[in-house]
Amino acid sequence: MRLRDELPVDHRLARVYRYGAGLCGVILLVFGCLGFADRLTPFDTDGTRISGMSTNGVLSLISVVVGLALIGGAVVGGNLASTLNMTVGTLFLLSGFLHLFVLDRPANVLDFGMSNVMFSFAMGLLIACFGMYGRVSSKLPHDNPYWRRRHPREAAREALAARRRASQAALTPGQDPAPTPALLPSQD
């Protein structure tokens with residue numbers, strides 16, 4: 001099974017992954033560029049603040065690199081954007097927990113403050129939610145490619161029933177065929 005084969009390129013979920021990655025990437029890119037514009041030293045921990053968060057040159061560099069990666073994922077789209085969003089979101093959450101424990105200690109080389117930790121949690125949840133949208137749920141609609149991948153027997157049964165209804169409708173002209181459950185929009 002290949003990830004690129006799991007979701008059709010033109011599926012409507014790809015827009016959510018692209019817009020989410022692009023939006024979060026631009027936010028991180030702007031934060032990093034503001035840090036570079038302020039000419040911060042790499043490992044300075046004196047509390048220089050930009051946009052309400054403390055930062056230094058290394059944190060600005062990391063923000064720019066991750067922002068560019070997310071924007072690149074938005075350009076590519078599809079499963080790559082979704083997987084990248086989930087991975088980066090998880091890393092942001094882990095970073096928030098790690099930096100929560102190293103606040104006001106010498107190990108805090110990225111000069112994180114409490115506002116950075118809260119931003120890391122919020123951005124991590126936002127990015128991860130964009131990546132998981134339509135992939136992770138207990139009630140995915142039956143036309144969702146992830147549902148079909150997880151339930152191949154039921155998907156094959158529904159596809160066979162839809163083909164039978166279509167062939168029956170072709171044999172009896174003038175009747176409107178009943179809509180198939182697999183093609184109806186979800187009722188979530």
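Residues numbered from 1 in each chain as written. Predicted model: local features only at pLDDT ≥ 70, side-chain atom pairs only at ≥ 80, totals over all residues. Heavy atoms only, no water.

### A short note on a nonpolar patch on the surface
Inference 1: On the surface, Phe97, Leu100, Phe101, Met114 and Met118 cluster together into a nonpolar patch covering about 530 Å² of accessible area.
Inference 2: Of all the secondary-structure elements, those providing two or more residues to the nonpolar patch are α4 (78–101) and α5 (114–132).
Inference 3: Among the elements that take part in the nonpolar patch, α4 stands out by supplying 3 residues, more than any other.
Inference 4: You can see phenylalanine 97 is positioned in helix α4.
Inference 5: Phenylalanine 97 gets classed as partly exposed once you look at its relative accessible area, which sits at 46%. (Patch = residues over 30% accessible without salt bridge, like charges linked within 9 Å, V, L, I, M, F, W, Y side chains within 5 Å. Areas by Shrake-Rupley, 256 points an atom, 1.4 Å probe, with all protein chains shown as cover. Salt bridge = Lys/Arg side-chain N within 4 Å of Asp/Glu carboxyl O. Helix = DSSP H or I, 4+ residues; strand = E, 2+ residues; numbered from the N terminus. Buried < 20%, exposed > 50% of the residue type's maximum accessible area, 1.4 Å probe, protein only.)

### Describing the nonpolar core
Inference 1: Counting 10 residues, the largest nonpolar core consists of Phe31, Ile50, Met53, Val58, Leu59, Leu103, Leu110, Phe112, Val117 and Phe121.
Inference 2: Listed by contribution, the elements that provide at least two residues to this core are α3 (57–76) and α5.
Inference 3: What phenylalanine 31 contacts, discounting residues up to four positions off in sequence, is Ile50, Met53, Thr55, Leu59 and Ser63.
Inference 4: The next biggest cluster of nonpolar side chains, apart from the first, holds 9 residues, and it includes Leu28, Ala74, Phe92 and Ile127. (Core = buried A, V, L, I, M, F, W, Y, C linked by side-chain atoms within 4.5 Å. Contact = heavy atoms within 4.5 Å.)

### A word on the environment of phenylalanine 130
Inference 1: With respect to the helices and strands, phenylalanine 130 occurs in helix α5.
Inference 2: Residue phenylalanine 130 is classed as partly exposed on the basis of its relative accessible area, which comes to 22%.
Inference 3: Sequence spacing of phenylalanine 130 and alanine 21 is 109 residues, and the spatial spacing of their C-alpha atoms is 7.5 Å.
Inference 4: Excluding its chain neighbours within four sequence positions, the residues that come into contact with phenylalanine 130 are Val16, Tyr17, Gly20, Leu23, Cys24 and Asn85.

### Some words on α3
Inference 1: An ideal rise of 1.5 Å per residue puts 28 Å on 20 residues; α3 measures up with 29 Å between its terminal C-alpha atoms.
Inference 2: Gly57, Val58, Leu59, Ser60, Ser63, Val64, Gly67, Leu70, Gly73 and Ala74 are the residues of α3 that are buried.
Inference 3: Among the structural elements, α2 (13–37), β2 (53–54), α4 and α5 are those in contact with the buried residues of α3.
Inference 4: Put simply, asparagine 56 is the residue that caps the front of α3, since its side-chain oxygen is 3.3 Å from the backbone nitrogen of valine 58. (Expected span 1.5 Å × (residues − 1). Polar contact = N/O pair within 3.5 Å; in protein donor to acceptor, adjacent residues only side chain to side chain.)

### Re the packing of α4 against α5
Inference 1: Running from N to C, α4 and α5 cross one another at 160 degrees; their axes reach a closest spacing of 7 Å. Compared by their axis directions, α4 and α5 come out roughly antiparallel. Regarding α4 and α5, the two cross each other, and that crossing is left-handed. Together, Ser82, Asn85, Met86, Val88, Gly89, Phe92, Leu93, Ser95, Gly96, Phe97, His99 and Leu100 of α4 and Met114, Val117, Ser120, Phe121, Met123, Gly124, Leu125, Ile127, Ala128, Phe130, Gly131 and Met132 of α5 make up the contact between the two elements.
Inference 2: Across the contact of α4 with α5, the residue classes break down as 15 nonpolar, 9 polar and no charged. (Axes fitted to C-alpha atoms, helices over the stretch in contact; angles between N-to-C directions. Parallel < 35°, antiparallel > 145°, perpendicular 65-115°, else oblique. Left-handed = near helix turned anticlockwise from the far one by under 90°. Nonpolar A, V, L, I, M, F, W, Y, C, P; charged D, E, K, R; others polar.)

### Focus on the packing of α3 against α4
Inference 1: Two numbers describe how α3 lies on α4: the axes approach to 7 Å, and their chain directions differ by 155 degrees. Considering the angle they form, α3 stands roughly antiparallel to α4. Handedness of the crossing formed by α3 with α4: left-handed. Contacts from Val66, Ala69, Leu70, Gly73 and Val76 in α3 reach Gly78, Leu80, Ala81, Leu84, Asn85, Val88 and Phe92 in α4.
Inference 2: Tallied by class, residues from the contact of α3 with α4 come to 9 nonpolar, 3 polar and no charged.

What is shown is where atoms sit, not what they do.
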